[in-house]
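The chain contents come next:
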Amino acid sequence: IVHLAGEPIFGKTWTAEQKKIIIESRVEGAKILLETCKRLNVKLNHFISASGIGYYGNGGDGWLSETSPSGHSFTSEVCQLWEKAATNFSNIRAKVSVLRIGIVLAKNGGYLAKMQQNAKWGLLTSLGSGKQFVSWIHINDLIRIVMDLIQSKLEPGIYNTASPNPVTNKEITNALARIWHKTIFLPPAPAFALRLLLGERSQALLDSQKASSEKLKNGGFRYEFEKIEAALKNIYS
């Protein structure tokens with residue numbers, strides 16, 4: 001079972017009710033799957049669950065490995081509860097893997113679709129200081145990681161699933177401008193303005209997460225897209 005389901009984190013304002021929906025869509029989803037496996041006596045081999053780099057909260061400029069401590073933000077809380085729900089599958093003797101996923105780069109949705117919409121309206125700019133690190137991964141590499149776990153080419157466990165080369169918010173914004181042949185007219189969006197506009201959600205955009213992929217590489221995984229320019233050129237070629 002590969003469990004990727006969950007209410008979009010940034011889709012709506014983080015009211016108390018929306019926070020509850022975000023958490024329960026992940027945790028209760030895993031719980032229902034576990035209860036169903038028990039009820040039907042499913043001999044499950046491997047449970048693979050999504051999580052997020054947001055697990056670490058604001059990590060600053062230091063590298064974050066799978067053993068780094070969790071953060072204290074809402075996104076960190078979501079990831080911790082999500083991962084705890086996944087580990088319960090070990091109670092039915094299933095192997096458990098958790099993927100702490102960075103920003104997924106894909107043409108038809110997610111981060112790039114939102115950024116392209118901003119660019120269309122001339123709103124492409126870096127956020128806050130622009131120095132915060134962004135851990136990213138090309139969708140093809142993410143799919144290959146999942147397949148390698150399914151096919152037992154990788155040992156089960158917790159993995160940071162992000163490129164070996166995180167970039168700053170300013171660097172990824174500039175790379176997108178080059179790929180899309182756009183000029184950045186606006187100054188960086190100030191952190192205080194983002195906080196006024198987005199409230200608590202702004203923290204997820206301003207936090208810095210420099211995730212290490214050494215565990216995956218040491219396990220034998222080889223990335224197809226290690227550099228941001230190569231990944232974006234492939235997506236928009």
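Structure report, in brief. (Residues numbered from 1 in each chain as written. Predicted model: local features only at pLDDT ≥ 70, side-chain atom pairs only at ≥ 80, totals over all residues. Heavy atoms only, no water.)

## Focus on the overall build of the protein chain
Thinking step 1. A count of helical and extended segments in the protein chain gives 9 helices and 10 strands.
Thinking step 2. Relative to the globule expectation of 18 Å for 237 residues, the C-alpha radius of gyration of the protein chain, 18 Å, shows essentially globular dimensions.
Thinking step 3. Projected onto its principal axes, the C-alpha coordinates of the protein chain cover approximately 60 × 40 × 30 Å.
Thinking step 4. Expressed as a percentage of the 237 residues in the protein chain, the buried residues total 46%.
Thinking step 5. Counting contacts in the protein chain only where the partners sit at least 6 residues apart, residues at least 24 apart contribute 81% of the total.
Thinking step 6. For the protein chain, the exposed area adds up to about 12300 Å²; of that, 56% sits on carbon and sulfur atoms. (Helix = DSSP H or I, 4+ residues; strand = E, 2+ residues; numbered from the N terminus. Rg over C-alpha atoms; globule rule 2.2 N^0.38 Å. Buried < 20%, exposed > 50% of the residue type's maximum accessible area, 1.4 Å probe, protein only. Contact = heavy atoms within 4.5 Å. Areas by Shrake-Rupley, 256 points an atom, 1.4 Å probe, with all protein chains shown as cover.)

## A closer look at unusual backbone geometry
Thinking step 1. Positive phi, normally seen in glycine, also occurs at Asn41, with a value near 55 degrees.
Thinking step 2. Positionally, Asn41 belongs in the loop between α1 (16-39) and β2 (46-52).
Thinking step 3. The backbone phi angle of His181 is positive, close to 55 degrees, even though this residue is not glycine.
Thinking step 4. Tracing the chain through its elements places His181 in the loop between α5 (169-180) and α6 (191-198).
Thinking step 5. Its relative accessible area of 73% is what places His181 among the exposed residues.

## Some details on the side chain of Ser212
Thinking step 1. Topologically, Ser212 is positioned in the loop between β10 (210-211) and α8 (214-218).
Thinking step 2. For Ser212, the residues in contact, after removing those within four places along its chain, are Trp63, Leu64, Ser65, Glu66 and Asn160.

## Looking at the packing of aromatic side chains
Thinking step 1. One pass over the structure, following the stated rule, counts 6 aromatic pairs.
Thinking step 2. Measuring from ring centre to ring centre gives 5.7 Å for Trp180 and Tyr236, while their planes differ by 85 degrees; the resulting arrangement is edge-to-face. Linking Trp180 in helix α5 with Tyr236 in helix α9 (residues 228-236), this pair joins segments that are 56 residues apart in sequence. Neither Trp180 nor Tyr236 differs from the other in exposure class; each is buried. (Phe/Tyr/Trp six-rings, centres within 6.5 Å; stacked < 30°, edge-to-face > 60°.)

## Digging into the sheet that holds β2
Thinking step 1. On the basis of which strands lie adjacent, the open sheet formed by 4 strands has the order β1-β2-β4-β8 and parallel pairing. Across the chains shown, the open sheet's two edge strands, defined by having one partner strand only, are β1 (2-3) and β8 (158-161).
Thinking step 2. In the sheet, strand β4 (residues 95-101) pairs with β8 via 4 bridges, with the strands oriented parallel. Within β8, the position partnered with Ile101 by the bridge is Thr161.
Thinking step 3. Its contacts with the sheet put helix α2 (residues 74-87) on β1, β2, β4 and β8, and the angle it makes with β2 is roughly 175 degrees.
Thinking step 4. Contacting β1, β2, β4 and β8, helix α4 (residues 139-150) runs over the sheet at an angle of about 170 degrees to β4. (Pairing = 2+ DSSP bridges. Axes fitted to C-alpha atoms, helices over the stretch in contact; angles between N-to-C directions.)

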